[in-house]
Number of protein chains: 2
Amino acid sequence: MEITTKTAKFTNPLYLESGRILEPYEIVYETYGQLNEDRSNVVVVCHALSGSHHAAGWYEGDRKPGWWDALIGDGKAIDTKKFFVICTNTLGSCFGTTGPMSKMYPSDEPYRFKFPVITIKDMVKAQRILFAKLGIDRVHAVVGGSMGGMQALRFAVDFPGFAKNIIALAATHATRPWVIAFNEIAKEAIIKDPDFKNGQYDPKELEQKGLTGLAIGRMAGHISFLSHYSMDRKFGRDYVPNEGIYELFGRFQVERYLEYNGYNFSKWFDPLSYLYITKAINLFDLSTGYDSLEEALERIRSKLYLIGFEKDLLFLPEEMRQIDEAMQKCGKGELSEYYEVKSDYGHDAFLVEIDKFSDYIHAIVEGKR
Amino acid sequence: MEITTKTAKFTNPLYLESGRILEPYEIVYETYGQLNEDRSNVVVVCHALSGSHHAAGWYEGDRKPGWWDALIGDGKAIDTKKFFVICTNTLGSCFGTTGPMSKMYPSDEPYRFKFPVITIKDMVKAQRILFAKLGIDRVHAVVGGSMGGMQALRFAVDFPGFAKNIIALAATHATRPWVIAFNEIAKEAIIKDPDFKNGQYDPKELEQKGLTGLAIGRMAGHISFLSHYSMDRKFGRDYVPNEGIYELFGRFQVERYLEYNGYNFSKWFDPLSYLYITKAINLFDLSTGYDSLEEALERIRSKLYLIGFEKDLLFLPEEMRQIDEAMQKCGKGELSEYYEVKSDYGHDAFLVEIDKFSDYIHAIVEGKR
C-alpha cells in the first residue's frame, strides 16, 4: 500500500462558524490507494481528538502504524486496492494543518490564543474545500469514530449530496455535559499549569519535558475512553512490583499506566491544540442552526450507518440510536441503520476492537448491505 | 434533636494494618438522641471521603445541616427519638480526628507525609476502640454509603459480633481500577501543584486561596459522583450568560459548576487528608487477608443489607449484588439482602435522593424487615 502525504495551501479566506476568518491556511492530508478514472472510489476517513492524517500504513522507523491500520489497507475492510482513501489532519490540530501554533500571517509569531475558535462544522468545511481542489465533488463514503464520527455526521447534514455513505462510530448528535466535564479537567489543568505560561510556552521545551497540566487532562481522558471492565482486565488491582503497598505513593498498575501515558502524550501533543479541539467537541450539536435534530437530519441524502458501542461511557450507544430514531421520525428511515457492537471495552473499542465491526464496515463500503 | 460533639483522646498505641503505630490519637464524634438503659439502641453512621462526624442537625449559623440530615433526626427514617446515633470523623480526615496535619507527638509539627498510610480497616478499628471506651460493645446497626459503606462492611467482617444490622449503600467489596484512576487524577494534580510545596504548605494560606490541584481532583471526583442523566438535567448544554459561545473560555454551565465547587472545596478540605483518604479507598478489598471474598464473608454474623444504585458509575450496583451472591454461595443467604434503588442520578444518589431508600432503611432499623 502506497502512502502519500501532502500539504495543500489555501490563500482564500476560510469563513468560520464564529464569524472569524482564517487566511491563509494549510491542510495536511494522507492518501492510500489509487483514485480511479471516474473518481468514484474515494473514502474519506476522519480522525478523533488526538489523531492525525496518518490513519494507516507505516512510516519508516516507526514502532506503530497509523491509528486505523487494522481497518484500512490492501485486502482489509476498507480495501486500498479498490478505494482511494483520504485522511486530513483537522483544523486546530498540531500535525501540520493550521492550528494555534501556526504562524499568524503576516507575522512570524504563532497565533496562540489569538487563534479563532474552530468547530466541527469548520473542520468539515475546510476538508470539503480541499476535496474540491482535488477535483473530488462526491465520495463513496465518509467514515470516522468519536470526533471523526461527528465530522462524518456533519458531512451528511452540511453537504447532503457529497457522500453516498456516512459511517459514524462511537459519536453523538450533541455533546453531553458528561463529556464537557471531562474536557474541563484538562482545560483547568492546562491553563493553571505555570509551565503553560498563559499560552506563551516554548513548544520545543514541552517536547522535552512535557506539560503536567496536559498530562493530567489526558489521564482524565483515558478514564473516559475505557470502562470498568476493560480496566479490570488491563490492570485489575495489581500493584507495581517493588513499590510498597502501604507507601502513600506505592502505585497500582492503573496509576502507572495513566502517569506514563499522560506524560508521554504531553510530549507529542500541543496543549493549545488540545484546548481548541476539545472546545470544538464541546460545541458540537448537529441541530445547531435548526429547530431540532429532526430538522437537521431532513437534509440528509446519504445512507447513514450509525455504530454504537455497548459500554461506551464517553458517548453512550443510546446517543447513536437516537439519531436513527430521529431519522425514522422524519421519514428518512430507509436512509438509516443502527448497529450496536457488543463490547465491554468502552469508547476506545472503535480503535482497538476492529474485529468486532470490520466485517460490517466492509459490507457497507463494498455495497453488500 | 440534641447534637453533642465530643473529642476522645487515646494514649494507647493504635496498631495499623501497615504495621505502623499511631500514638497518641484523637477521635471527634457526634451523637444524636439518647442512649437507652441497656445500651441496645445504638446506630453507628459512617461518612464518605469528604464527609465528617456532622451527619445530622444544624450548627448555629450554618446554611446547611449535616450531610445525612434528611435520613437522621426526630421522626425520620433513623429516628433519633428512638435511637442513639453516633458518627465519628474517620482517621486521616481533617475535621478533628487525628490526620496528616495533626501534631506528631511529642513534636509540635504536623505529620504531613510522615503520617502513616491508613486503611478502612484502621478507621473501623479506631471506632471500635472508641465505642468500647463508651461502654458500647454491641450496636443495633452500622450504616454508611460509599466509603461509609466500606466501613460498614468492614465492621461486619472484622467484628462479627458487633452489629445486629449492617446497611451498606453505594459501595463495593473491592475498589476497582476505575475508581483508583479517578483518585489518581487528584493525586497527580495535588502533588504537582507548586502551591502544595511538596506537602509543606501553610494550611491557613490554602483556606484563603484554595489549591488548584485539589480543585482539579475534586472536579474529577464530581464527574464520578454524577451520571450522564443527572448532568443533562442539572446543566444540559446551557451556556453561562454573557460568556460568548465562540470564546475559548466562554463556559458551559457544567464547567462553571465544576470550577466553583472544585475551588470552593479546596478551601475547606485538606489536600494531605485527600491523598490519605483516597489511598484508603484504593486499598479497600474485603478479601484482604483471606483466600477469597467468600472466606471473608463467612465470618459475618450480622444481617447484611446491601443497597446499590442503578446508575452509580463509581461503584456499579453489580458490585453490591456480588456481595449478596457471595453470601448465598457461602451459605449465608439468610443473612443477606440486596436492594437496588431505581435512580439515574449516579453515585451521589445516596446523599441526594434519600426519598428513594429511606423507607427501606426505616423498615430495617425498626425491625420490620
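Residues numbered from 1 in each chain as written. Chains lettered and ligands numbered in written order. Predicted model: local features only at pLDDT ≥ 70, side-chain atom pairs only at ≥ 80, totals over all residues. Heavy atoms only, no water.

- If you check an unreviewed UniProt entry, chain A appears there as Homoserine O-acetyltransferase from Nitratiruptor tergarcus DSM 16512.
- The record in UniProt for chain A states the following under Sequence similarities (unreviewed entry): "Belongs to the AB hydrolase superfamily. MetX family."
- Among the UniProt annotations of chain A, the heading Subcellular location (unreviewed entry) holds the following wording: "Cytoplasm". (UniProt positions renumbered as here; feature names shortened; annotations may be inferred.)

1. A word on the nonpolar core
In step 1: Counting 258 residues, the largest nonpolar core has L169 of chain A together with L169 of chain B as its most contacted members.
In step 2: Setting aside residues no more than four positions away along its own chain, L169 of chain B makes contact with W68, V143, G144, G145, S146, G149, I307, F309, M320, F350, F357 and I361 of chain B. (Core = buried A, V, L, I, M, F, W, Y, C linked by side-chain atoms within 4.5 Å. Buried < 20%, exposed > 50% of the residue type's maximum accessible area, 1.4 Å probe, protein only. Contact = heavy atoms within 4.5 Å.)

2. Describing the pattern of salt bridges
In step 1: For the structure shown, the criterion picks out 50 salt bridges over all chains.
In step 2: Residue D158 of chain A is joined to R154 of chain A by a salt bridge in which the shortest nitrogen-to-oxygen separation is 3.0 Å. In this pair, D158 of chain A and R154 of chain A both sit in helix α2 (residues 147–158), four residues apart, roughly one turn of the helix. No difference in accessibility class separates D158 of chain A from R154 of chain A, as the two residues are buried.
In step 3: Several salt bridges share partner residues, and in doing so they unite R176, E318 and E319 of chain A together with D232 of chain B into one network. (Salt bridge = Lys/Arg side-chain N within 4 Å of Asp/Glu carboxyl O. Helix = DSSP H or I, 4+ residues; strand = E, 2+ residues; numbered from the N terminus.)

3. Here's the deal with the packing of helix α5 (residues 212–225) of chain B against helix α7 (residues 253–268) of chain B
Residues and elements named next belong to chain B.
In step 1: Taken N-terminus to C-terminus, the directions of α5 and α7 make an angle of 125 degrees; their axes are 8 Å apart at the nearest point. Judged on the interaxial angle alone, α7 and α5 are oblique. The element α5 and its partner α7 pack so that their crossing is right-handed. Contacts between α5 and α7 involve T212, L214, A215, R218, M219 and H222 on the former and, on the latter, Y257, L258, E259, N261, G262, Y263, F265 and S266. (Axes fitted to C-alpha atoms, helices over the stretch in contact; angles between N-to-C directions. Parallel < 35°, antiparallel > 145°, perpendicular 65-115°, else oblique. Left-handed = near helix turned anticlockwise from the far one by under 90°.)

4. Examining the relation of the copies chain A and chain B
Note: a rotation about an axis with an accompanying shift along it relates these two copies of the chain.
In step 1: Each copy of the sequence occupies a distinct position, and chain A is placed on chain B by a rotation of 180 degrees and an axial shift of 0.0 Å, giving an RMSD of 0.0 Å. Taken together, the rotation angle and the small translation identify this as a two-fold axis.
In step 2: Comparing interface residues between copies, 100% of those in chain A also sit at the interface in chain B, which points to an isologous, same-surface contact. (Least-squares fit on C-alpha atoms with pLDDT ≥ 70 in both.)

5. As for the domain arrangement of chain A
Residue and element names in this part refer to chain A.
In step 1: Under the domain assignment, chain A is made up of domain 1 (3–174 + 285–365) and domain 2 (179–279).
In step 2: On a C-alpha basis, the centres of domain 1 and domain 2 stand 26 Å from each other.
In step 3: Counting residues at the interface gives 26 residues for domain 1 and 29 residues for domain 2.
In step 4: Both sides together, the interface formed by domain 1 and domain 2 hides about 2500 Å², and carbon and sulfur atoms give 66% of it.
In step 5: Three residues, L49, R112 and F113, lead the burial of domain 1 against domain 2; their summed loss comes to 26% of the area buried on that side. (Domains from an automatic or database assignment. Buried area = accessible area lost by both parts, 1.4 Å probe.)

6. Some words on the environment of P65 of chain A
Residues and elements named next belong to chain A.
In step 1: In this fold, P65 is placed in the loop between β5 (42–46) and β6 (72–73).
In step 2: Taking the C-alpha atoms as reference points, P65 and G262, 197 residues apart in sequence, are found 20 Å from one another.
In step 3: Those residues in contact with P65 that sit more than four places away from it in its chain are H54, G57 and W58.

7. Notes on the environment of W178 of chain A
In step 1: Note that W178 of chain A resides in helix α3 (residues 177–191).
In step 2: The exposure class assigned to W178 of chain A is buried, which follows from its relative accessible area of 1%.
In step 3: Distance from W178 of chain A to D195 of chain A, taken between C-alpha atoms, is 28 Å for residues 17 residues apart in sequence.
In step 4: When neighbours within four sequence positions are excluded, W178 of chain A is seen to be in contact with L313 and L314 of chain A together with I223, L226, S227, H228, M231 and L313 of chain B.

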